[in-house]
Amino acid sequence: MRAFTTLTYRQIKRFSNARSRVVGSFVNPIIWLVFFGLGWSKVFNFPMAKQIFGGVDYLSFLAPGIVAMTIFSSSFISGISVIWDKQFGFLKEILVAPSSRKAAIVGRIVGDSLTSLLQGIIILLLTFTIAESLSPSGIPYVLFIGFILAVGFASFGVSLALKMTSMEGFQMVMSFLMLPLLFLSGAFYPISAMPSWMQILAHINPLTYAVDGSRYFLIGTSNFPIAMDIGILALLSLIFLGVALYLFERATID
Amino acid sequence: MENTIEVENLVKIFGDITAVKNVSFKIKKGEIFAFLGPNGAGKTTTINMLTTLVKPTEGNARVAGYDIRADPQKVREKIGIVFQDSSLDRDLTAYDNMLIHGRIYGYGGTALREKIGELLRFVELEKFKKKIVKTFSGGMARRLEIAKALLHEPEVLFLDEPTLGLDPQTRTRIWEYITQMKEEHEMTIFLTTHYMDEAEQFAERIAIIDHGEIIAKGTPDKLKKKVGSDVVYLTVANGKKKCVDAAFVKNCTFLPDERIELGVENAGEAIPRLFELAEQKHFKIVNVSYHKPTLNDVFLHLTGREIREERGDSFEMVRAVMRRRGR
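Bear in mind that the values here come from a model prediction, so they are computed numbers and not experimental data.

1. Quick notes on the overall build of chain B
Of regular secondary structure, chain B possesses eleven helices and 14 strands. Going through the 327 residues of chain B one by one, you find that 44% of them count as buried. For chain B, the share of sequence-separated contacts (at least 6 apart) that also reach a separation of at least 24 residues comes to 71%.

As structure tokens, then:
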């Protein structure tokens, strides 16, 4: 499948060519990890605190969440390049090509997922330097979960971008969704501590299962069984991927 | 001779605007065929339908032997397109743009690398192959676009305003590439333009399109015969709407700008006789001009408007040019 590998190559090449994007993508998670994480870890520095956070210190509790957040936000925003391509014409190049559109869009999503995953890896390694109870043997599993998450939200971003005409519009929808999805994912505080109406929302949030699954492999405790985390996350990602395929197959130029 | 493109009663309606009305034409293999018309006449919409980007509302067409409705995939394999605005990835190098295009069209390996080198040399961009396209001038980007469209050796090349917004020198170079490629590979070329001189010079046959309809088609010479051998424009005092009634005037049209258009055999002889006539019939000529008919005169003759006077679209055009330059 040449179209698949070509588009994967293109997305990775675009990412590595844009140095400011590479640097920028690390700033946000680092701010959360350092200013938010280090700050609260001092507040939760009393004997009972570890019980709230599944038996580990707050930074170790937070770390899997920050990794998932990094992958989530960078894969989501990668969809915006579809709008860019619409405006600057590269989309037409794909739409008039004889190759399979399905292969092209999956290639694109995989390419964006890989760059998001790379950012996740770097943040993950960084968390090991400041959080004390993370298990290194969990890293490959976390990357596996991270990849499923990235495919899901890159697909979501692509689908959204295919329906939108302006980058401002995309960014508006994104900033509207981003924080609620993060706060409802259990990345910052345990789901079990949320009011019940919030718990319901947390249960339908794909990010919840990525955070919970990562936590299982990094600190050994989780809210849901691990099979359920991976199963639900994979199912939701497949649905988003299906929607992206469906929309791209029908895409025309305006 | 076989036809590479056959278009039958193509219609495209967007909402309540009919962009293309019942357009039909045929293009022979190896021919350069031009769609000439003002901005917004339906040229790009027609190209978009023929290149399978937009589905026709009614009618059908065959391109390189395949039906655009039933076999869009096959059509896409046979065509190359230079869009009115860029289809390049501005954030990648010229070489990567070519590489990605080639691979999407199923090429790969050394054969592809050699072909890319050859085409970049052809459009004189070899030195710039490692440069990011964003840094290219409008002319360089267009040359790259042409090289890209030629990479998969298409049977039919679509060029939508290939020289829009370029300086005269670059325009000439681009036409050299196009005619050279056509001769070497016997490509069929469909182009749209609103530069009359280009259509006249390079197209073997022309269709003039206005408000979505083909209002005339034929060779440039045949089209110009519609106006006459020479054309005289006359402005008469008091704007009298009366035709000059004389044997040497072959046709006579009132233009909306008060001028009278006269088709004559020989303008040099006709003008003195017009003044004689003016004296006899007591009307006063306030302005007279004449020239050999151009396609612009044909357009003026058929529609009463100059081809370039479409005001509403000049903004669109500036936008397209700006976008293409990427600034």
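2. A short note on the overall build of chain A
The number of helices and strands found in chain A is twelve helices and zero strands. Shown N-terminal to C-terminal, the secondary structure of chain A runs as helices and strands in the order α-α-α-α-α-α-α-α-α-α-α-α. For 254 residues, the compact-globule estimate of 2.2 N^0.38 gives 18 Å, and the C-alpha radius of gyration of chain A, at 18 Å, lies within 12% of that figure. Projected onto the principal axes, the alpha-carbon positions of chain A cover approximately 65 × 35 × 35 Å. Across the 254 residues of chain A, 48% fall into the buried class. Contacts in chain A between residues far apart in sequence, at least 24 positions, make up 80% of those at least 6 positions apart.

3. Quick notes on unusual backbone geometry
Only a minority of non-glycine residues have a phi that is not negative, and only a minority of peptide bonds are not trans. All names here are of chain B. Positive phi, close to 45°, is recorded for N9, a residue that is not glycine. Turning to its location among the elements, N9 is positioned in strand β1 (residues 3-14). When the 13 C-beta atoms within 10 Å are taken as the criterion, N9 is described as partly exposed.

4. Details of the sheet that holds strand β14 (residues 285-291) of chain B
Residues and elements named next belong to chain B. Read across the sheet, four strands follow the order β12-β13-β11-β14 without closing on themselves; strand pairing throughout is antiparallel. Of all the strands in the sheet, the pair left with one neighbour each is β12 (249-254) and β14. Neighbour-to-neighbour, the strand axes of the sheet open up by a mean angle of 20°, direction not taken into account. Contacts between helix α9 (residues 267-281) and the sheet are confined to β11 (230-236), β13 (260-264) and β14, with β14 contributing the most and set at about 165° to the helix.

5. Quick notes on the interface of chain B and chain A
Opposite the 26 residues of chain B that make contact, chain A presents 20 residues. Elements represented by at least two residues in the side of chain B that touches chain A include exactly α2 (72-78) and α3 (94-104) of chain B. In terms of residue count, α3(B) provides more of the side of chain B that touches chain A than any other element does, five residues in total. Among the residues making up the side of chain B that touches chain A, the classes are represented as nine nonpolar, nine polar and eight charged.

6. Some points on the packing of helix α5 (residues 138-150) of chain B against helix α6 (residues 168-185) of chain B
Residues and elements named next belong to chain B. Relative to each other, α5 and α6 sit at 10°, their axes nearing to 10 Å. Looking at the two axes, α5 sits roughly parallel to α6. Within the contact between the two elements, α5 uses G139, R142, R143, I146 and L150 and α6 uses T170, I174, Y177 and M181.

7. Side note on the confidence of the model for chain B
Residues and elements named next belong to chain B. Chain-level pLDDT for chain B is 86 on average; 92% of the residues reach the 70-or-more range. Here residues 309-317 is modelled with pLDDT under 50, and outside its nearest four sequence neighbours on either side it reaches seven contacts, counting other chains as well. Quick note on the complex model: pTM equals 0.84, ipTM equals 0.87.

8. Brief notes about helix α12 (residues 226-249) of chain A
Compared with the 34 Å implied by 1.5 Å per residue over 24 residues, the 34 Å span of α12(A) between its first and last C-alpha is a close match. Buried residues along α12(A) sit against α7 (101-130), α8 (139-163) and α11 (206-219) of chain A.

9. Focus on the pairing of β13(B)
All names here are of chain B. Taken across its five residues, β13 has five buried, putting it largely inside the fold. Because side chains alternate across β13, one face comprises the buried residues I260, L262 and V264, and the other comprises E261 and G263, equally buried. The pairing of β11 with β13 spans five bridges and is classified as antiparallel. Note on β13: the bridge partner recorded for V232 is L262. Bridge count for β12 against β13 is five bridges, and the pairing is antiparallel. Each residue of the ladder has a partner; that of T253, found in β13, is E261.

10. Description of the environment of A244(A)
All names here are of chain A. Structurally, A244 can be placed in helix α12. On the basis of neighbour counts, which here come to 28 C-beta atoms within 10 Å, the residue A244 falls in the buried class. C-alpha separation for the pair A244 and Q51, spaced 193 residues apart in sequence, amounts to 42 Å. Residues within four places of A244 in sequence aside, it is in contact with I105, I109, S155, V158 and S159.

11. Focus: the sheet that holds strand β8 (residues 188-193) of chain B
All names here are of chain B. What the six strands build is an open sheet, ordered β6-β7-β8-β3-β9-β10; its pairing is mixed. Looking along the sheet, the strands with just one partner apiece sit at the ends: β6 (79-82) and β10 (213-218). The mean inter-strand angle of the sheet, taken between neighbouring strand axes irrespective of direction, is 15°. Strand direction decides the pairing type here: strand β3 (residues 32-36) and strand β9 (residues 205-210), joined by four bridges, are parallel. Across the sheet, the residue bridging to F33 is R205, located in β9. In the packing of helix α1 (residues 43-50) onto the sheet, contacts are made with β3, β7 (156-160), β8 and β9, and the angle to β7 comes to roughly 150°.

12. Notes on the environment of G109(B)
All names here are of chain B. With respect to the helices and strands, G109 occurs in helix α4 (residues 109-122). By C-beta crowding, G109 is classed as exposed, having 9 other C-beta atoms within 10 Å. C-alpha separation for the pair G109 and E6, spaced 103 residues apart in sequence, amounts to 36 Å.

13. A closer look at the pairing of β11(B)
Sheet topology note: the β11(B)/β14(B) ladder contains six bridges and is antiparallel. Paired with V236(B) across the strands is I285(B), a residue of β14(B).

14. Section: the nonpolar core
Within the largest apolar cluster, 156 residues are counted, with the highest numbers of intra-cluster contacts made by A68(A), L149(A) and A147(B). Beyond its immediate chain neighbours, meaning those up to four positions away, A68(A) contacts L149(A), A187(A), L207(A), A210(A), V211(A) and S214(A).

15. Overview of helix α2 (residues 19-43) of chain A
Residues and elements named next belong to chain A. Here α2 spans 37 Å end to end across 25 residues, near enough to the 36 Å set by a 1.5 Å rise per residue. When the local axis directions of α2 are compared, the greatest deviation, roughly 30°, occurs at G37. The complete set of buried residues in α2 reads S25, P29, L33 and G37. Residues of α2 that are buried make contact with α4 (58-78) and α7.

Basis of the calculations
- Residues numbered from 1 in each chain as written.
- Chains lettered and ligands numbered in written order.
- Predicted model: local features only at pLDDT ≥ 70, side-chain atom pairs only at ≥ 80, totals over all residues.
- Helix = DSSP H or I, 4+ residues; strand = E, 2+ residues; numbered from the N terminus.
- Buried ≥ 20, exposed ≤ 12 C-beta atoms within 10 Å, placed from the backbone.
- Contact = placed C-beta atoms within 7 Å.
- Rg over C-alpha atoms; globule rule 2.2 N^0.38 Å.
- Pairing = 2+ DSSP bridges.
- Axes fitted to C-alpha atoms, helices over the stretch in contact; angles between N-to-C directions.
- Nonpolar A, V, L, I, M, F, W, Y, C, P; charged D, E, K, R; others polar.
- Parallel < 35°, antiparallel > 145°, perpendicular 65-115°, else oblique.
- pLDDT = per-residue confidence, 0-100.
- Expected span 1.5 Å × (residues − 1).
- Core = buried A, V, L, I, M, F, W, Y, C linked by C-beta atoms within 7 Å.
- Bend = angle between axes of the 7 residues up to and from the residue.

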